[in-house]
Amino acid sequence: MKRLAHYSQYFIRSPRLIKELIGHSSINKSDTVYDIGAGSGVISSVLAERCKSVVAIEFEPRMAVKLRENMQSHPNVEVREADFLAMPLPKTPYKVFANIPFHLSSPIVRKLAEADNPPRAVYLIVQKQFANKLLPDSDHFTGQLGMMVGPVFEVRIRKRLQRTDFWPHPNVDTVLLEMVRRPEPLIAKSKMPAYRNLIEGCFSDPKIFAKMPTATIDLPPDIKPSQMKLAQWVALFEAQE
């Protein structure tokens, strides 16, 4: 099936590579795993051999038809033709492994991180530039979304991919991003909405950041939000409560 450009679809060419990538994950035989943007089901079919059950989600109708056909031999794969961003998330434990549409990376990560029941682990194939912004202690700069996700998930890049791993070849570098839910969040769940509001306000409006008690946690007076590490944001939040 041909790629539909407006869905940002770049298909991984090799099932062997998918097996290798899943091997870098914590997915095991007892897990339920969500495959977002499942396409024709190459990832879902490999997951079906590694976990208890797979929920394969595909928004594009033509591709969903192909997905159902391909998954008929996998009884532990449930196909849902749906918009993941509009779907309710499960109340039971689950993980995510997906090659998501690049243009939806931010809203997908935010939905997962802000869920009432976040996944235990998330593995996403995303643009390298996007992944770097989620790293909590980047040597270059940190991103707003990364600081929102950080109190709930430990984030790292597990593997860098080649452009030739996909068809068609994307014009950007890609990686396998890992987000593992912390045993104990750095900020209490009840306080996370206020924390996210703080991050969003400070990144979007310099006047808001200028009013923060940065001196009380020994931050340099000329520091910018993009230069702060996760531990500093958590300390700043606690200082202004």
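Preceding this paragraph is the structure being described.
Conventions we followed
- Residues numbered from 1 in each chain as written.
- Predicted model: local features only at pLDDT ≥ 70, side-chain atom pairs only at ≥ 80, totals over all residues.
- Heavy atoms only, no water.
- Helix = DSSP H or I, 4+ residues; strand = E, 2+ residues; numbered from the N terminus.
- Buried < 20%, exposed > 50% of the residue type's maximum accessible area, 1.4 Å probe, protein only.
- Arc of directions from axis to C-beta.
- Contact = heavy atoms within 4.5 Å.
- Pairing = 2+ DSSP bridges.
- Right-handed = clockwise from strand over helix to strand, strands pointing away.
- Axes fitted to C-alpha atoms, helices over the stretch in contact; angles between N-to-C directions.
- Phe/Tyr/Trp six-rings, centres within 6.5 Å; stacked < 30°, edge-to-face > 60°.
- Parallel < 35°, antiparallel > 145°, perpendicular 65-115°, else oblique.
- Left-handed = near helix turned anticlockwise from the far one by under 90°.
- Nonpolar A, V, L, I, M, F, W, Y, C, P; charged D, E, K, R; others polar.

Peer 1: For the environment of G201, give the residues involved together with the corresponding values.
Peer 2: Looking at the element boundaries, G201 is found in helix α7 (residues 192–204). With 57 residues separating them in the primary sequence, G201 and Q144 have C-alpha atoms 9.8 Å apart.

Peer 1: Lay out helix α9 (residues 230–239) with the relevant residues and their values.
Peer 2: Of the positions making up α9, those classed as buried are L230, W233, V234, L236 and F237. Projected down its long axis, α9 shows its buried positions confined to an angular sector of 160°, all on one face. Buried residues along α9 sit against α6 (144–149), α7 and α8 (206–210).

Peer 1: Describe the pairing of strand β4 (residues 77–81), and please don't skip the residues or the numbers.
Peer 2: Note that strand β3 (residues 53–58) and β4 share five bridges and pair parallel. Bridge pairing in β4 links I57 to R80. Each parallel crossover has a hand, and for β3 linked through helix α3 (residues 61–70) to β4 it is right-handed.

Peer 1: Please provide a residue-by-residue account of the environment of V234, values included.
Peer 2: Among the secondary structure elements, V234 is positioned in helix α9. According to the relative accessible area criterion, V234 is buried, its value standing at 9%. When neighbours within four sequence positions are excluded, V234 is seen to be in contact with L186, I187 and Y195.

Peer 1: Tell me about the sheet that holds strand β6 (residues 121–127), and name the residues and values.
Peer 2: A sheet is described by the order of its strands in space; here seven strands give the open sequence β4-β3-β2-β5-β6-β9-β7, paired in mixed fashion. Since the sheet does not close on itself, it has two edges, and those belong to β4 and β7 (153–160), each with one partner. Neighbour to neighbour, the strand axes of the sheet diverge by 25° on average, direction disregarded. As defined by bridge partners, β6 adjoins strand β9 (residues 174–181) across seven bridges and the pair is classed as antiparallel. Residue pairing across strands places L124 opposite L177, the latter belonging to β9. Strand contacts of helix α4 (residues 105–113): β2 (32–36), β5 (95–98), β6, β7 and β9, with the helix running at about 170° to β6, the strand carrying the most contacts.

Peer 1: Could you give an account of the packing of aromatic side chains, naming the residues involved and the relevant values?
Peer 2: Per the counting criterion, the structure on display carries five aromatic pairs. Note on F209 and W233: the rings are 6.0 Å apart at their centroids and 55° apart in plane angle, and the pair reads as tilted. Taken together, the residues F209 in helix α8 and W233 in helix α9 connect sequence positions 24 residues apart. With a relative accessible area of 9%, F209 lands in the buried category. The exposure class of W233 is buried, given its relative accessible area of 0%.

Peer 1: Describe the packing of α7 against α9, naming the residues involved and giving the relevant values.
Peer 2: One way to put it is that α7 packs onto α9 with a least axis distance of 11 Å and a crossing angle of 110°. Classified by the angle their axes make, α7 and α9 are roughly perpendicular. As α7 packs across α9, the resulting crossing turns out to be right-handed. Here α7 contributes A194, Y195, L198, I199, C202 and F203 to the contact with α9, which in turn contributes L230, W233, V234 and F237. In terms of residue class, the contact of α7 with α9 is made up of ten nonpolar, no polar and no charged.

Peer 1: Could you give me a rundown of the pairing of β2, with the residues and numbers involved?
Peer 2: In terms of burial, β2 is a largely internal element, four of the five residues being buried. Judged from the five bridges that link them, β2 and β3 form a sheet pairing that is parallel. Considered in β3, the bridge of D35 is made with A56. Tracing the backbone out of β2, into helix α2 (residues 42–48) and back to the parallel element β3 gives a crossover that is right-handed. Relative to β5, β2 is paired through two bridges, and the arrangement is parallel. The residue of β5 that forms the bridge with V33 is K95.

Peer 1: Give me the lowdown on unusual backbone geometry, citing residues and values where you can.
Peer 2: Of note, D218 is a non-glycine position whose phi angle comes to about 60°, a positive value. With respect to the element layout, D218 can be found in the loop between α8 and α9.

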